[in-house]
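Results of the structural survey
One-letter residues, chain by chain:
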Amino acid sequence: MNITEFQKWVGDFYQERGWTGYGPFIRVGFLMEEAGELARAVRAIEIGRDRPDEGEKPAEEARQELVEELGDVLGNLILLANQYEVPFEEILEAHRAKLQKRYQKSETA
């Protein structure tokens, strides 16, 4: 599945469940919540969780949690892009062009 197909699939999946009715301002809040969960997953892998109510997870379980949280962040980014009718391919190309332009001098020097 390419990124365009995935963007459509996410939009359809969320819409079927009634999860697309929130405006962009609320969606950004959901994105921040998911970013926090992603940060917790990264911390668990990198430095561990020092909480008595959380046991250490096996490496594969911690990795799976990371993958799922990355997906939740991506899903919310896609929904924001959909709300503004921005194809994800346009985002990818614009980001690449911005970075290439910004760093072309430092890479050739």
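Anyway, here's the lowdown on the structure attached to this text. (Residues numbered from 1 in each chain as written. Predicted model: local features only at pLDDT ≥ 70, side-chain atom pairs only at ≥ 80, totals over all residues. Heavy atoms only, no water.)

Turning next to the overall build of the protein chain. For the protein chain, the helix and strand inventory stands at 4 helices and 0 strands. In summary, the protein chain has a C-alpha radius of gyration of 17 Å against a globular reference of 13 Å for 109 residues, an excess of more than 25%. Projected onto its principal axes, the C-alpha positions of the protein chain cover 50 × 45 × 30 Å. Burial analysis of the protein chain (109 residues in total) assigns 20% to the buried set. For the protein chain, restricting intrachain contacts to residue pairs at least 6 apart in sequence, the fraction spanning at least 24 positions comes to 74%. Accessible surface computed for the protein chain: about 8,300 Å², of which carbon and sulfur atoms make up 56%. Measuring between centres, the 14 positive side-chain charges of the protein chain sit 7 Å from its 22 negative side-chain charges. (Helix = DSSP H or I, 4+ residues; strand = E, 2+ residues; numbered from the N terminus. Rg over C-alpha atoms; globule rule 2.2 N^0.38 Å. Buried < 20%, exposed > 50% of the residue type's maximum accessible area, 1.4 Å probe, protein only. Contact = heavy atoms within 4.5 Å. Areas by Shrake-Rupley, 256 points an atom, 1.4 Å probe, with all protein chains shown as cover. Lys, Arg positive; Asp, Glu negative; His and termini not counted. Charge placed at Lys NZ, Arg CZ, Asp CG, Glu CD.)

Quick look at the packing of helix α1 (residues 3-16) against helix α3 (residues 59-83) now. Contact geometry for α1 and α3: axes closest at 9 Å, N-to-C directions at 90°. When the axis of α1 is compared with that of α3, the two are roughly perpendicular. On α3, the residues touching F6, Q7, V10, G11 and Y14 of α1 are L74, G75, I78, L79, A81 and N82. A breakdown of the residues in the contact of α1 with α3 according to their chemical character gives 7 nonpolar, 4 polar and no charged. (Axes fitted to C-alpha atoms, helices over the stretch in contact; angles between N-to-C directions. Parallel < 35°, antiparallel > 145°, perpendicular 65-115°, else oblique. Nonpolar A, V, L, I, M, F, W, Y, C, P; charged D, E, K, R; others polar.)

Turning our attention to the packing of aromatic side chains. Summed over the entire model, instances satisfying the criterion amount to 6 aromatic pairs. Look at F6 and W9: their rings are 6.0 Å apart centre to centre, the planes differ by 15°, and that puts the pair in the stacked class. Of this pair, F6 and W9 both sit in helix α1, separated by 3 residues, roughly a single helical turn. Its relative accessible area of 44% is what places W9 among the partly exposed residues. Here the aromatic residues F6, W9, F13, Y14 and W19 are joined through ring pairs into a cluster of three or more. (Phe/Tyr/Trp six-rings, centres within 6.5 Å; stacked < 30°, edge-to-face > 60°.)

Right, let's get into the side chain of Q7. Assignment of secondary structure puts Q7 in helix α1. Q7 sits in the buried class, given a relative accessible area of 8%. Once residues lying within four places of it in the same chain are set aside, the contact partners of Q7 are I78, A81, N82, V86, P87 and F88.

Here we come to the environment of T20. In this structure, T20 sits in the loop between α1 and α2 (24-46). Its relative accessible area of 30% is what places T20 among the partly exposed residues.

So, on to α2. For α2, spanning 23 residues, the distance from its first C-alpha to its last is 32 Å, which sits close to the expected 33 Å at 1.5 Å a residue. Considered for burial, the residues of α2 that qualify are R27, L31, E34, L38 and A41. Its buried side turned inward, α2 meets α1 and α3. Phi for G48, located one or two positions after α2, is positive at around 85°. (Expected span 1.5 Å × (residues − 1).)

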